[in-house]
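# Observations on the model geometry
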Amino acid sequence: SMLAHYLLEPGARAHGLDDLTQTELGHANVPISELIGKGKKQITMDAVPVARVKDYACEDADTALRLAALFEPRVAD
C-alpha cells in the first residue's frame, strides 16, 4: 500500500502506513510508542504482552489491506 501510494502520489510528503491510514481512511492507528514506550524507558517488542502486540499487528494488517484495495484500481489505471 505504501509503494502504491508512492506511485500514485510521488510528490507527497508521507507514504507511511500510519499517515495513509489517517488521510485515506480517517482512522488513527495505535502508535507503537503506546506499546514500547519512548526514550530511556523504551522496551523491545518481545517484552510486550502478546495480547497487546496482537491487536497492534492486526490493526496494521487490516489497514494495509484496506489501503491496498483502495489503491489497486488506481494503480491499474
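Everything below is about the structure shown above.
Note that the structure is a prediction, hence the values are computed from the model and not measured. (Residues numbered from 1 in each chain as written. Predicted model: local features only at pLDDT ≥ 70, side-chain atom pairs only at ≥ 80, totals over all residues. Heavy atoms only, no water.)

### Overview of the pattern of salt bridges
Within this structure, the stated rule accounts for three salt bridges. Arginine 74 serves as the salt-bridge partner of glutamate 9, at 3.6 Å between the closest nitrogen and oxygen. Pair noted here: glutamate 9 is in the loop between helix H1 (2-8) and helix H2 (17-25) and arginine 74 is in helix H4 (residues 50-76), with a separation of 65 residues, a long-range link. Looking at glutamate 9, the relative accessible area reads 36%, which means it is partly exposed. Exposure remark for arginine 74: the relative accessible area of 37% places this residue in the partly exposed category. The closest approach of N and O atoms between aspartate 55 and lysine 54, which form a salt bridge, is 2.7 Å. With relative accessibility at 46%, the residue aspartate 55 sits in the partly exposed group. (Salt bridge = Lys/Arg side-chain N within 4 Å of Asp/Glu carboxyl O. Helix = DSSP H or I, 4+ residues; strand = E, 2+ residues; numbered from the N terminus. Buried < 20%, exposed > 50% of the residue type's maximum accessible area, 1.4 Å probe, protein only.)

### Some words on the side chain of threonine 21
One can find threonine 21 in helix H2. Ignoring any residue separated from it by four or fewer positions in sequence, one finds threonine 21 in contact with Gly26, His27, Asn29, Thr63 and Leu67. (Contact = heavy atoms within 4.5 Å.)

### Focus: H2
Buried within H2 are the following residues: Leu17, Leu20 and Thr21. Along the long axis of H2, the arc covered by the buried residues comes to 105°, so they all point the same way. At its buried positions, H2 is contacted by H1 and H4. Glycine 26 lies just past H2 and shows a positive phi near 70°. (Arc of directions from axis to C-beta.)

### Things to note about H4
For the α-helix, the turn length of 3.6 residues means that residues three or four positions removed from each other point alike. With 27 residues, H4 ought to run about 39 Å at 1.5 Å a step, and its terminal C-alpha atoms sit 38 Å apart, in line with that. In the structure, H4 departs most strongly from a straight axis at leucine 70, where the bend amounts to approximately 30° and where the proline proline 73 lies between one and four residues downstream. Turning to H4, its buried residues number three or more, namely Tyr56, Glu59, Asp60, Thr63, Leu67 and Phe71. Its buried side turned inward, H4 meets H1, H2 and helix H3 (33-36). (Expected span 1.5 Å × (residues − 1). Bend = angle between axes of the 7 residues up to and from the residue.)

### Let's talk about the nonpolar core
Core analysis: the biggest nonpolar cluster contains five residues, these being Ala4, Leu17, Leu20, Leu67 and Phe71. Discounting residues that sit within four places of it in the chain, alanine 4 has contacts with Phe71 and Val75. (Core = buried A, V, L, I, M, F, W, Y, C linked by side-chain atoms within 4.5 Å.)

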